[in-house]
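Listed below, chain by chain, are the residues.
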Amino acid sequence: MTPLLFHKYHGLGNDYLVCERSVAEQLSIEQIRIICHRHYGFGSDGLLIDSGDQHHPTLRIINPDGSEAEKSGNGLRIYARYLFDIGRVGHEPFLVRTAGGDVHCRVHEDPHQITVEMGRANFSPAALPALIEQPEVLNYPLKLADETRRVSLVSMGNPHCVVLVDKLDLALVHRLGPQIENHPVFPKRTNVQLVEVVDRNTLRIGIWERGAGFTMASGSSSCAAASVMRKLDRVDNRVSVNMPGGQLQITFGEDFQVSMSGPVQKIGRLTLDEDCFAGGDDSCGF
Ligand SMILES: N[C@H](CCC[C@H](N)C(=O)O)C(=O)O
């Protein structure tokens, strides 16, 4: 087994491990879940796999539950910084391929700051997918276990369900998040955001991620929340999105083309010891 080398970064506390394809090919999905585990592994909100070749950077995103995501905003900023750190890119804009569409990234003069052109917000429910026969789903009454909540749907390449609230309550994110993530109307599940509009240029959001649960920050969630609020004419073309982990800047171009800018920090390099996989299920089941 070649050394299992990982690089750990975070974007506003949304942390990711990065590895080469040759490393990922040696791992099963169950082993990736262990590596992302907060106690039995390195701990991470997911694994970013550098899947391209020298001239065509391609990003695969694996959630901590082992599911694969089409796109990740913080993941793309981290991948762009990783490519810069290993000398594969400079400060010029460059294209990155993802399962959720091609995006353009740029590492600023200060390499802690990265901008990603995240593509066009798509309000068609079929893009998520969602089993609702409407051209767009805005303020739709979604029936949950004990209540009905008005939701709006948007795809950033990955699926998002946005819930507008008067006052953000993170306990409500934990209560509604799993119900909506796993609602049968979403055949591939969905990411969930609760959104409070502070003013026409400022949002506060709480995030429940598909396949990851509560996270400190999410780039695609910031894009999704801002896009729905733009669609509902609650914000202007430049929006600061505040999350528990910090703030991202979202800017809208023509036809809901979304640009996202924000920080990335490197935490370190990690080499995995095979002993990590040696244990069985020693838990006492409580
Ligand atoms: N869990 C998400 C992918 C990561 C999104 C988030 N970390 C971001 O920064 O966009 C999904 O299954 O679509």
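Residues numbered from 1 in each chain as written. Predicted model: local features only at pLDDT ≥ 70, side-chain atom pairs only at ≥ 80, totals over all residues. Heavy atoms only, no water.

You'll find the chain entered in an unreviewed UniProt entry as Diaminopimelate epimerase, with Leclercia adecarboxylata given as the organism.

S.K.: Mind showing me how you'd approach unusual backbone geometry here?
M.R.: Peptide bonds are, in most cases, trans, and in most cases residues other than glycine have a negative phi. With an omega of 5°, the peptide bond running from Leu 128 to Pro 129 counts as cis. Summarising the element assignment, Pro 129 is placed in the loop between strand S8 (113–120) and strand S9 (140–143). Phi at Asn 139 is positive, roughly 55°, even though this residue is not glycine. Relative to the helices and strands, Asn 139 resides in the loop between S8 and S9. At Arg 189, a residue that is not glycine, the phi angle is positive and equals roughly 65°. The residue Arg 189 is located in the loop between helix H4 (170–181) and strand S12 (191–199) in this model. (Helix = DSSP H or I, 4+ residues; strand = E, 2+ residues; numbered from the N terminus.)

S.K.: How do you make sense of the environment of His 183 when you look at a structure like this?
M.R.: Tracing the sequence through the fold places His 183 in the loop between H4 and S12. Note on His 183: relative accessible area 15%, which makes it buried. Here the alpha-carbon distance between His 183 and Gly 41, two residues 142 residues apart in the chain, equals 29 Å. Setting aside residues up to four positions removed in sequence, His 183 forms contacts with Leu 142, Lys 143 and Leu 144. (Buried < 20%, exposed > 50% of the residue type's maximum accessible area, 1.4 Å probe, protein only. Contact = heavy atoms within 4.5 Å.)

S.K.: What is the right way to read helix H5 (residues 219–231) from this model?
M.R.: An α-helical segment advances 3.6 residues per turn. Residues three or four places apart therefore align on the same side. With 13 residues, H5 extends 18 Å from end C-alpha to end C-alpha; this agrees with the ideal 18 Å at 1.5 Å per step. H5 sits mainly inside the fold: 11 of its 13 residues count as buried. Within H5, the full set of buried residues consists of Gly 219, Ser 220, Ser 221, Ser 222, Cys 223, Ala 224, Ala 225, Ala 226, Ser 227, Val 228 and Met 229. Downstream of H5 by a residue or two, Asp 233 has a phi angle that is positive, lying close to 55°. (Expected span 1.5 Å × (residues − 1).)

S.K.: Just to check I follow, could you spell out the packing of aromatic side chains for this structure?
M.R.: Throughout the structure, instances matching the rule amount to four aromatic pairs. Ring centres of Phe 6 and Phe 42 lie 5.8 Å apart, and the angle between their planes is 65°; this geometry places the pair in the edge-to-face category. One end of the pair, Phe 6, is in strand S1 (residues 4–11); the other, Phe 42, is in the loop between helix H2 (29–36) and strand S3 (47–50), and 36 residues separate them in sequence. With 6.0 Å between their ring centres and 75° between their planes, Phe 252 and Phe 256 make a pair best called edge-to-face. The burial state of Phe 252 is the same as that of Phe 256; both residues are buried. Through successive ring pairs, a cluster of aromatic residues spans Phe 123, Phe 252 and Phe 256. (Phe/Tyr/Trp six-rings, centres within 6.5 Å; stacked < 30°, edge-to-face > 60°.)

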